[in-house]
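Inside the fold
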Amino acid sequence: AFREATDRDGLHGYPYNPEKAKKLLLAAGFSYDKQDQLLDQEGNRVSFTLNTNTGSPAAEAIGNQIEEDLGEIGIKVNFKTINYNVLIGKVRHRKT
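Here we summarise the structure given alongside this text. Owing to the predicted nature of the structure, the values given are computational and were not obtained by experimental measurement.

Let us now look at unusual backbone geometry. Despite not being glycine, D36 has its phi angle at roughly 65°, a positive value. You can call D36 partly exposed: its relative accessible area is 37%.

The next thing to look at is the side chain of T52. Along the chain, T52 falls in strand β3 (residues 47-53). Not counting residues within four places of it along the chain, the set of residues in contact with T52 comprises A59, E60, F79, K80, T81, I82 and L87.

This next bit is on the pairing of β3. Direction of pairing for β3 relative to strand β4 (residues 76-82): parallel, over a ladder of 7 bridges. Each residue of the ladder has a partner; that of N51, found in β4, is K80. Handedness of the β3-helix α3 (residues 57-71)-β4 crossover: right-handed.

On to the packing of aromatic side chains. This model, assessed by the stated rule, comprises 0 aromatic pairs. For K22, the ring lying beneath its charged end belongs to Y32, and the centroid distance is 5.6 Å.

With that settled, the discussion passes to the layout of surface pockets. Taken as a whole, the largest pocket spans an internal volume of roughly 320 Å³. Within the residue set of the lining of the largest pocket, elements represented by two or more residues are α2 (18-27) and α3. A breakdown of the residues in the lining of the largest pocket according to their chemical character gives 8 nonpolar, 1 polar and 2 charged.

Quick notes on the rules
- Residues numbered from 1 in each chain as written.
- Predicted model: local features only at pLDDT ≥ 70, side-chain atom pairs only at ≥ 80, totals over all residues.
- Heavy atoms only, no water.
- Buried < 20%, exposed > 50% of the residue type's maximum accessible area, 1.4 Å probe, protein only.
- Helix = DSSP H or I, 4+ residues; strand = E, 2+ residues; numbered from the N terminus.
- Contact = heavy atoms within 4.5 Å.
- Pairing = 2+ DSSP bridges.
- Right-handed = clockwise from strand over helix to strand, strands pointing away.
- Phe/Tyr/Trp six-rings, centres within 6.5 Å; stacked < 30°, edge-to-face > 60°.
- Lys NZ or Arg CZ within 6 Å of the ring centre and 35° of its normal.
- 1 Å grid on protein atoms, 1.4 Å probe; cavity = no way out; pocket = protein on both sides within 12 Å on 5 of 7 lines; lining within 4 Å.
- Points joined across faces, edges and corners; volume = space filled by probe spheres on them.
- Nonpolar A, V, L, I, M, F, W, Y, C, P; charged D, E, K, R; others polar.

In structure tokens, the structure reads:
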């Protein structure tokens, strides 16, 4: 379904290739430590938190897949499911 939507909308996807992703990150100035964790130019571990609402099997499956896939290239994703109202509050009051 995703490929059909992206092709129909004129967007082009890329084949899954973690090794190529690592090479692109290295070329962009990132590095890896001995534990194969991705580091930014200042030596900080690359990580972020990804929230979705509880009770959405599709969103939870996508979040888990993102966490797993990015983990393969050394990015730490803190995937959390939270109450919908809490999630909306975080989105409305996020720091920019």
